Amino acid sequence: MRTAYSVETVRAAERELMARLPEGALMQRAAAGLAAVCAGLLTRRRGRVYGARVALLVGPGDNGGDALYAGARLARRGAGVTAVPMDPERLHAGGLAALRAAGGRLAQAVPDRPDLVVDGLLGIGGRGGLRPAAAALAGQIPQGVPVVAVDLPSGIDADTGEVAGPAVTADVTVTFGAYKPGLLIDPGASAAGAVHLVDIGLQLPAPEAEALQHADVARLLPVPTASSDKYRRGVVGILAGSAQYPGAAVLAVAGALRGGAGAVRYAGPAAEAVLARYPETLIGRGRVQAWVAGPGLGEGRAGEVAELLAQDVPVLVDADGLRGLDAGLLRARTAPTLLTPHAGEAAALLGVPRESVEAGRLAAARALAERYGAAVLLKGSTTLVASGRAASGGGRPVRVNPTGTSWLATAGSGDVLSGLAGSLLAAGLSGADAGAVAAYLHGLAGRLVAGAGAPVLAHEVAEALPAAWRDVRTP
Ligand SMILES: NC(=O)C1=CN([C@@H]2O[C@H](COP(=O)(O)OP(=O)(O)OC[C@H]3O[C@@H](n4cnc5c(N)ncnc54)[C@H](O)[C@@H]3O)[C@@H](O)[C@H]2O)[C@@H](O)CC1
Ligand SMILES: Nc1ncnc2c1ncn2[C@@H]1O[C@H](COP(=O)(O)OP(=O)(O)O)[C@@H](O)[C@H]1O
Ligand SMILES: [K+]
């Protein structure tokens, strides 16, 4: 499990540790880790650190201090290090002295053709987008030069990944003590590049966000045993498709068949299309352990969705099923509910513009989970899963899906995802676990189909799901 912690939590852990260590020890640990990553990058690109030109963008706080001390370490290994301050009157004094003592220099502008730029403008003390002086410096970063961000790319919100204005885009981010949620969630995650975590010895409590890894998913997958039969493995019902959108039914069934339930039951007007493709499907209503309601239903079917929600079985609601959902009805349910909106559907459910969901994905997922008392899988460039309890009790971390590819932004891939997640619900996973595991496998399958980068069809994602299962289950 990869875990991420809010600024408040990181600061508290830092205070606690600093009280037990000599002054400046933590910053030295951070600077040593940062310098090691920079040295590794320079060595890979040009064979050695000696003679490399390194430009440090230095802000007024401790983030700038880290950059200055790391610059001093690189200068001692023979790099030519130039520090460019955001405000020459506000520079970390110890860091500046160390850099000077090591032979580094100060300049007013980023020198020509550096081999590496270190972004030490703002760290967890940054608020909002870069202000003009910082933005002007970030604007001087030459194209094509690798950028290493100190702790996080300056201008991204550490807690949410929101980017409120100008921000640095890094190739590598060296973060200290713990991942911050903004490094895992877009748009921040995209700005961070590859993230290296430097352990500085923090003792941390429960995380605010977490990302499953292969082993976590493998533990949650429903695997049949000697005593299994198709009913014990779970039956998933699919209410999807319409005369206008029969394909959504086929794709949701395709995802469900590969999700680990023992049988898939289809209810709706696209039975012929479903059977033509998947003769394994049971047709018509009957007992199920979970329902998937919504893909391709078209308009005027809210009554059918409400009928399923009135039953005491787990229900996943997607796509057209999400229109006009009754929050009171959902909150009154005792069986698990999982909602799987994309940003547009989430915006409609929250009554806010789509852009505000895109810009603040974490807050949107939490708000939906709280308002509807349900687990929420918010699809998009970083898929998030908030559990109902996380919002109300503040207890459960939001799951950030680490797999996926933007090639998945293709018609019908969401239908495959909802069938898959519904199947996992029927197999007995909680709403949040079913959502997180489904997003993980779906993202992995999408990557397998896209390969080095090629268009992906939704049905191919469903077909690649067994390979994704095997990949996850291979130790
Ligand atoms: N606290 C600790 O023990 C450690 C902290 N470390 C470093 O310290 C950093 C945090 O340091 P600080 O608390 O000094 O904060 P920052 O270095 O992030 O800078 C905060 C300062 O930047 C200015 N600022 C804020 N938002 C701005 C904006 N949008 N545009 C322009 N200027 C803005 C403010 O004047 C504020 O004083 C961490 O990110 C990490 O790099 C590391 O050295 C590890 C140890
Ligand atoms: N930019 C993106 N990067 C990665 N994945 C994306 C991106 N945009 C969409 N996706 C994924 O693609 C799928 C699209 O689902 P959805 O929007 O419901 O499409 P549809 O309704 O056509 O099936 C979701 O799994 C979503 O997370
Ligand atoms: K930074």
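Everything below is about the structure shown above.
With that settled, the discussion passes to the sheet that holds strand β11 (residues 263-267). Here we have 11 strands laid out as an open sheet, ordered β1-β9-β18-β17-β16-β15-β14-β13-β10-β11-β12, and mixed in their pairing. In the strand order of this sheet, the two ends are held by β1 (2-4) and β12 (282-283), each with one partner. Here strand β9 (residues 209-211) runs beside strand β18 (residues 398-400); their pairing, made up of 2 bridges, is parallel. Opposite E210, over in β18, you have R399 as the bridge partner. Packed on one face of the sheet, helix α9 (residues 246-257) meets β10 (235-239) and β11 and runs near 165° to β11. The sheet strands contacting helix α17 (residues 413-426) are β10, β13 (290-293), β14 (315-318), β15 (337-340) and β16 (375-378), and the helix crosses β14 at an angle near 170°.

Around ligand 2, a shell composed of 17 residues is seen, among which K379, L408, G412, S413 and G414 lie nearest. Taken by itself ligand 2 offers 570 Å² of open surface, and the protein chains cover 76% of this. Here ligand 2 occupies the largest pocket. Residue contributions to the shell around ligand 2 peak at 4 residues, all from α17. Per-class residue counts for the shell around ligand 2 are 4 nonpolar, 11 polar and 2 charged.

Within the structure, ligand 1 sits among 25 residues, and E14, D66, G123, R127 and D151 are positioned closest to it. Between R11 and ligand 1, the recorded distance is 3.0 Å, taken from a side-chain N or O atom to an oxygen atom. A distance of 2.5 Å is found between an oxygen atom of ligand 1 and a side-chain nitrogen or oxygen belonging to D66. When isolated, ligand 1 has an accessible area of 880 Å², and the protein chains bury 87% of it. Using a 2 Å cut-off from the grid points, one finds that ligand 1 occupies the second largest pocket. Class assignment for the residues of the shell around ligand 1 results in 10 nonpolar, 7 polar and 8 charged.

For the rest of this paragraph, the subject is the layout of surface pockets. Taken as a whole, the largest pocket holds about 1,200 Å³ of empty space. For the largest pocket, the lining is made up of 48 residues, of which G380, S381, T382, T383 and T405 are closest to its centre. Within the residue set of the lining of the largest pocket, elements represented by two or more residues are α6 (188-192), β8 (194-198), α9, α13 (343-350), α14 (354-359), α17 and α18 (431-450). A volume near 750 Å³ is recorded for the second largest pocket. The wall of the second largest pocket is formed by 35 residues, among which R11, M27, G61, D62 and N63 lie closest to the centre. Residues belonging to the lining of the second largest pocket are distributed by class as follows: 15 nonpolar, 9 polar and 11 charged.

On to the nonpolar core, then. The biggest cluster of nonpolar side chains holds 56 residues, and the ones touching the most others in it are V236, I238, Y266, V437 and L441. Broken down by element, this core gets its largest block of residues, 11 residues, from α18. Apart from residues lying up to four places away in sequence, V437 is in contact with L212, V217, L220, L221, L424 and L429.

What counts and what doesn't
Residues numbered from 1 in each chain as written. Chains lettered and ligands numbered in written order. Predicted model: local features only at pLDDT ≥ 70, side-chain atom pairs only at ≥ 80, totals over all residues. Heavy atoms only, no water. Pairing = 2+ DSSP bridges. Helix = DSSP H or I, 4+ residues; strand = E, 2+ residues; numbered from the N terminus. Contact = heavy atoms within 4.5 Å. Axes fitted to C-alpha atoms, helices over the stretch in contact; angles between N-to-C directions. Near = heavy atom within 4 Å. Areas by Shrake-Rupley, 256 points an atom, 1.4 Å probe, with all protein chains shown as cover. 1 Å grid on protein atoms, 1.4 Å probe; cavity = no way out; pocket = protein on both sides within 12 Å on 5 of 7 lines; lining within 4 Å. Sits in = over half its atoms within 2 Å of the grid points. Nonpolar A, V, L, I, M, F, W, Y, C, P; charged D, E, K, R; others polar. Polar contact = N/O pair within 3.5 Å; in protein donor to acceptor, adjacent residues only side chain to side chain. Points joined across faces, edges and corners; volume = space filled by probe spheres on them. Core = buried A, V, L, I, M, F, W, Y, C linked by side-chain atoms within 4.5 Å. Buried < 20%, exposed > 50% of the residue type's maximum accessible area, 1.4 Å probe, protein only.

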